[in-house]
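The residues making up each chain are set out below.
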Amino acid sequence: MTIDASRGAEAPPDLVQLLTPEGERVEHPDYDIDLTPEEVRSLYRDLVLVRRIDLEAVALQRQGELGIWASLLGQEAAQIGSGRALTDADMAFPTYREHGVAWCRDVDPVKLLGLFRGVNHGGWDPKEHNFHLYTIVIGSQTLHAVGYAMGIQRDDANAATIVYFGDGATSQGDVNESFIWASVFNAPIVFFCQNNQWAISEPLEKQTRIPLYRRASGFGFPGIRVDGNDVFACLAVTRKALEAARTGQGPTLVEAFTYRMGAHTTTDDPTRYRVASELEAWKLKDPIERVKAYLFKNEHADQAFFDSVAAEADQLGADLRRRCLAMPDPGPLAIFDHVYSEPHALMEQERAQFAAYLEGFRA
Ligand SMILES: Cc1ncc(C[n+]2csc(CCOP(=O)(O)OP(=O)(O)O)c2C)c(N)n1
Ligand SMILES: [Mg+2]
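Position labels on residues start from 1 in each chain and follow its written sequence. By the order in which they are written, chains take letters starting at A while ligands take numbers starting at 1. Totals for whole chains, interfaces and linings use all residues, but because this is a predicted model, local features are given only for residues with pLDDT of at least 70 and pairs of side-chain atoms are given and counted only at 80 or more. For side-chain calculations, the full set of non-hydrogen atoms in the structure is used, while hydrogens and water are omitted.

A.B. asks: Explain the coordination of the magnesium ion (ligand 2) residue by residue, including any values.
C.D. replies: Around the magnesium ion (ligand 2), the protein contributes the donor atoms Asp167 (OD), Asn196 (OD1) and Trp198 (O), at 2.1 to 2.2 Å from the metal centre. Only N, O and S atoms count as donors, using a 2.8 Å limit from the metal and a wider 3.2 Å limit for Na, K and Ca, and since water is excluded some coordination spheres may look unfilled. Coordination of the magnesium ion (ligand 2) draws on donor residues from a single chain, spaced D-x28-N-x1-W in sequence. We note that asparagine 196, like tryptophan 198, is buried. Residue burial is assigned from relative accessible area. The probe radius is 1.4 Å, only protein chains are included, and a residue is buried under 20% of its type maximum, exposed over 50%, and partly exposed in between.

So this is what it looks like as structure tokens:
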């Protein structure tokens, strides 16, 4: 396998950026945004808290309390920026890594852990939060999302759909089919691709010969690349794309150019396939540090503010840990629940058989 050590060292062309890694505000003719100091502080708080949720989950997995965890480290801005662009009426379809979007949809973070602890199949009500359950089968949620978008289009709802997927997922048939359906039916959807440069150990070069956002033009809708480590730009670009969807202008592909700073999941060891210098180059583009620098430089926040967010993060982490450990294990027969929405003869038969088998241990 060849490794391109220069990947990520330079900003790619055609990248919408509103906040540099040094925390300088830059203007963009098509994608500007006017944020109050309070709004920026709120985005900073979101970024810090979701990083903390993620860190705590990694620690819980390392201590044997979760079976596996997919870290979002490095992708906080892409998720918070896009997640905060959503209205309550919009619907989001995540992969398994969208913990930051879940935060924006008001999903209690402990509910994210149930699936990874193996105590449920995904612990929230998608309808309550307009946030679908996590999807592990790569790319399949794009088809679900386009179907949903076509539904709300027929309902004439003032809403849009957003679907998240990775760079690797763009090679899946499902994703390409969903692009075609969305395009031809002018579905109100935003395809939000977090290009974190890797699909487990496969680098981006194995997925595409052109920048991913340029794929959209072949399907007949606009594609745009945004600095995925810039929360302002992710917010501005996603907001505009969602508004286009809501107003009958059809789909947009947003490529959030970012980097997976951690392992693919806790079962993965990235030191086996990528060079350390690549990670070091991306650390300089940390999504949280640039917002902190911006707030400091512009005197929009003082040390007391940063300390209070850090204290809130500590408390959130401790609370998450406590509530994770308190999650009850399901009974052995629970596996038969929710397989079908209505009673099902075969399922009842299998449940009875398994109950009888378990009963045999009592004697
Ligand atoms: C259909 C399917 N094929 C293979 C896998 C195994 N798999 C899990 S994650 C992954 C890589 C996904 O990469 P990407 O789309 O870039 O998302 P990322 O994990 O980087 O966020 C693969 C191949 C799967 N879950 N589903
Ligand atoms: Mg990826």
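Don't stop here, the text continues.
A.B. asks: Go over the site of ligand 1, please, and point to the residues and values.
C.D. replies: Near residues are defined by distance, with any heavy atom within 4 Å of the molecule or strand qualifying the residue. Lining the immediate surroundings of ligand 1 are 15 residues, of which Tyr96, Arg97, Gly168, Ala169 and Trp198 lie closest. Here tyrosine 96 contributes a side-chain N or O atom positioned 2.6 Å from an oxygen atom of ligand 1. Within the backbone of tryptophan 198, an N or O atom sits 2.8 Å from an oxygen atom of ligand 1. Accessible surface area values rest on a Shrake-Rupley calculation with a 1.4 Å probe, where residue burial reflects the displayed protein chains alone. Contact with the protein chains removes 71% of the 590 Å² of surface that ligand 1 exposes when unbound. The term polar contact refers here to a pair of N or O atoms within 3.5 Å; inside protein, the definition further demands a hydrogen-donor-capable atom paired with an acceptor-capable atom, and it admits residues adjacent in sequence only when both atoms are side-chain atoms.

A.B. asks: Please provide a residue-by-residue account of the sheet that holds strand E6 (residues 223-227), values included.
C.D. replies: One key point about sheets: their strands pair by backbone hydrogen bonds, in either a parallel or an antiparallel sense. Pairing in this open sheet of five strands is parallel, and the strands run E1-E2-E3-E7-E6 from one edge to the other. One side of each edge strand has no neighbouring strand; the edge strands of this open sheet are strand E1 (91-93) and E6. On average, each strand axis in the sheet is inclined to that of its neighbour by 20°, with strand direction left out of account. Where E6 meets strand E7 (residues 252-257), five bridges bridge the pair, whose relative direction is parallel. Bridge pairing in E7 links isoleucine 224 to valine 254. Note on pairing: DSSP must find at least two bridges between two strands before they are called paired. Secondary structure is summarised from DSSP: a helix means a run of H or I of at least four residues, a strand means a run of E of at least two, and numbering begins at the N terminus for each. Here an axis means a line fitted to C-alpha atoms, over the contact stretch when the element is a helix, while the angle between two N-to-C directions is reported on a 0 to 180 degree scale.

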